[in-house]
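Residues per chain, in single letters:
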Amino acid sequence: MTKLSTKHLLGIKDLGKEDIQLIFSTADNFKEVINRPIKKVPSLRDTTIANLFFENSTRTKISFELAEKRLSADVVNFSASGSSLKKGETLIDTVNNILAMKIDMVVMRHPSPGAALFLSRHINSKIINAGDGAHEHPTQALLDAFSIREKLGEVKGKKVVIVGDIMHSRVALSNIFCLQKLGAEVMVCGPTTLIPKYISSLGVKVEHNLRRALEWCDVANMLRIQLERQDINYFPSLREYTMLYGVSKKMLDSLKKEIIIMHPGPINRGVEITSDVADSKESIILNQVENGVAIRMAVLFLLAGRTDQ
Ligand code: CP
């Protein structure tokens, strides 16, 4: 397989295992490129990419922009704050105006689930979903699985627990799809109020006891509590949440085996993990960030290469 089966990257749900493997093998090459003294290749010269961020981002926004620049694309950045959205302009009008400027690809983060799909139905450019509400964050899941593959040799057969606010997490859903397609076993762990009832229908295990979850897994992916998406109180206090679902170094050291700690960021140090866990030898959090650039280069390169639309 040399090209992706999809025109856009809207979600992991739309990808096949072969698509993911193609993205990984392409990212292997780009990872080598970004570790060279000269980190740039001309692959996307004359391609113009718009990064449309209607919601805050640090890692994803910087990572996409860096990936685009490493591929020699022309890049324009748009943030909702300070734009004419504040004057009542709709999403489709904002985007149509940007596209009148001849944009080839759009990377978009938006607070509404389905925003990237909506865009793909209305404009001709290739769309990459950089996170749509609590729905999907496909490049995050790809870089997470790529980082597990790098650390453990393969994803197939590995046991991965996703801990925390599953209910409001696009990272959780995309990770579940991606890890299962690659043959991993997936568990979610958290308080009952933060685990949606439908989740077991996706074929994941559900565990409410953190110690049991950590004893089961090879990899723990720790999620942030997304207070900004929580319309009611899902647990009594952050302090109580941390007592039941926060991972400390003492807890890690008391396990009978070594596990890998991941986090998509941003981390709330002292809530879902303590600082000494974030900075421990078990943590691959900064490897995830480095791999994000290579994965995004691979996705951009492969989608740009599709000429059959
Ligand atoms: N992991 C992630 O999406 O981080 P940002 O919100 O900073 O982009």
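Look above for the structure.
Heads up: these notes are all about the structure in this document. Along every chain, residues carry numbers that run from 1 in the direction the sequence is written. Thresholds applied to this predicted model are a pLDDT of at least 70 for local features of residues and 80 or more for the giving and counting of side-chain atom pairs; totals over whole chains, interfaces and linings are not thresholded and use all residues. Excluded from the side-chain calculations are hydrogens and water; all other atoms, namely the structure's heavy atoms, are used.

1. Considerations on the state of the cysteines
Any pair of cysteine sulfurs within 2.5 Å is marked as a disulfide. Counted by the stated rule, this structure contains zero disulfides. Sulfur of Cys178: no disulfide; nearest cysteine sulfur belongs to Cys217 and is 18 Å away. Distance from the sulfur of Cys189, which forms no disulfide, to the nearest cysteine sulfur (Cys217) is 9.4 Å.

2. Quick notes on helix H3 (residues 91–99)
For an α-helix, 3.6 residues make a turn, and residues three or four places apart therefore share a direction. For the exposure calls, accessible area comes from a 1.4 Å probe over protein chains only, and a residue counts as buried if that area is under 20% of its type's maximum, exposed if over 50%, partly exposed in between. What counts as a helix is a DSSP run of H or I of at least four residues, what counts as a strand is a run of E of at least two, and both are numbered from the N terminus. Taken together, the buried positions of H3 are occupied by Leu91, Thr94, Val95, Ile98 and Leu99. In an axial view of H3, the angular spread of the buried residues amounts to 130 degrees, which keeps them on one side of the axis. Here, two residues are considered to be in contact whenever any of their heavy atoms come within 4.5 Å of each other. On the buried face of H3, the contacting elements are strand E1 (48–53), strand E2 (74–79), strand E3 (105–110) and helix H4 (115–122). Think of it as the arc spanned by the lines of direction from the helix axis to the C-beta atoms.

3. Side note on unusual backbone geometry
Residue Pro266 is bonded to the preceding Gly265 through a cis peptide linkage, with omega at -10 degrees. Counting through the fold element by element, Pro266 comes out in the loop between strand E9 (260–262) and helix H10 (275–278). We note that Asp46 has phi near 70 degrees; this positive angle belongs to a residue other than glycine. Tracing the sequence through the fold places Asp46 in the loop between helix H1 (17–34) and E1. According to the relative accessible area criterion, Asp46 is exposed, its value standing at 67%. Notably, Lys102 is not glycine yet its phi reads approximately 65 degrees, a positive angle. Positionally, Lys102 belongs in the loop between H3 and E3. Lys102 gets classed as exposed once you look at its relative accessible area, which sits at 67%.

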